[in-house]
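These are the residues of each chain, in order.
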Amino acid sequence: MNWDTIKGNWKQLTGEAKSQWGKLTDDDVQQAEGEREKLVGKVQERYGVAKDEAERQVDEFAARVNK
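About the cut-offs
- Residues numbered from 1 in each chain as written.
- Predicted model: local features only at pLDDT ≥ 70, side-chain atom pairs only at ≥ 80, totals over all residues.
- Heavy atoms only, no water.
- Buried < 20%, exposed > 50% of the residue type's maximum accessible area, 1.4 Å probe, protein only.
- Helix = DSSP H or I, 4+ residues; strand = E, 2+ residues; numbered from the N terminus.
- Arc of directions from axis to C-beta.
- Contact = heavy atoms within 4.5 Å.
- Axes fitted to C-alpha atoms, helices over the stretch in contact; angles between N-to-C directions.
- Parallel < 35°, antiparallel > 145°, perpendicular 65-115°, else oblique.
- Left-handed = near helix turned anticlockwise from the far one by under 90°.
- Nonpolar A, V, L, I, M, F, W, Y, C, P; charged D, E, K, R; others polar.

Peer 1: Describe helix α2 (residues 10-20), naming the residues involved and giving the relevant values.
Peer 2: Along α2, the residues that are buried comprise W10, L13 and A17. Down the axis of α2, the buried set is contained in an arc of 60 degrees. They therefore lie on one face. Exposed side chains of α2 directed beyond 90 degrees from the buried face belong to K11, Q12 and S19. Against the buried residues of α2 lie α1 (3-8), α3 (26-32), α4 (36-47) and α5 (51-65).

Peer 1: I'd like a rundown of the packing of α2 against α5, residues and numbers included.
Peer 2: Packing of α2 against α5 leaves a shortest axis separation of 11 Å and a crossing angle of 125 degrees. Judged on the interaxial angle alone, α5 and α2 are oblique. As for how α2 packs across α5, the hand of that crossing is right-handed. Of the residues in α5, those in contact with W10, L13, E16, A17 and Q20 of α2 are Q57, F61, R64 and V65. Residues that form the contact of α2 with α5 fall into these classes: five nonpolar, two polar and two charged.

Peer 1: Which residues make up the environment of K11, and what values do they have?
Peer 2: Mapped onto the elements, K11 comes out in helix α2. Separated by 18 residues in sequence, K11 and V29 have C-alpha atoms that sit 9.4 Å apart.

Written out as structure tokens, the structure is:
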């Protein structure tokens, strides 16, 4: 998975991110700025999941949008 691509296309992917994680606010998605670690933190914070679970979800998201 290529996070440079995701970061470069983040404005176009914000809808995808909000669709996957409905609890993320517009501000959460904007603050993530397409950076993996920031997005993991936001998912962790909003959903109350462990870091490894948030990382798994974010990696699955990245794999799906990078097709």
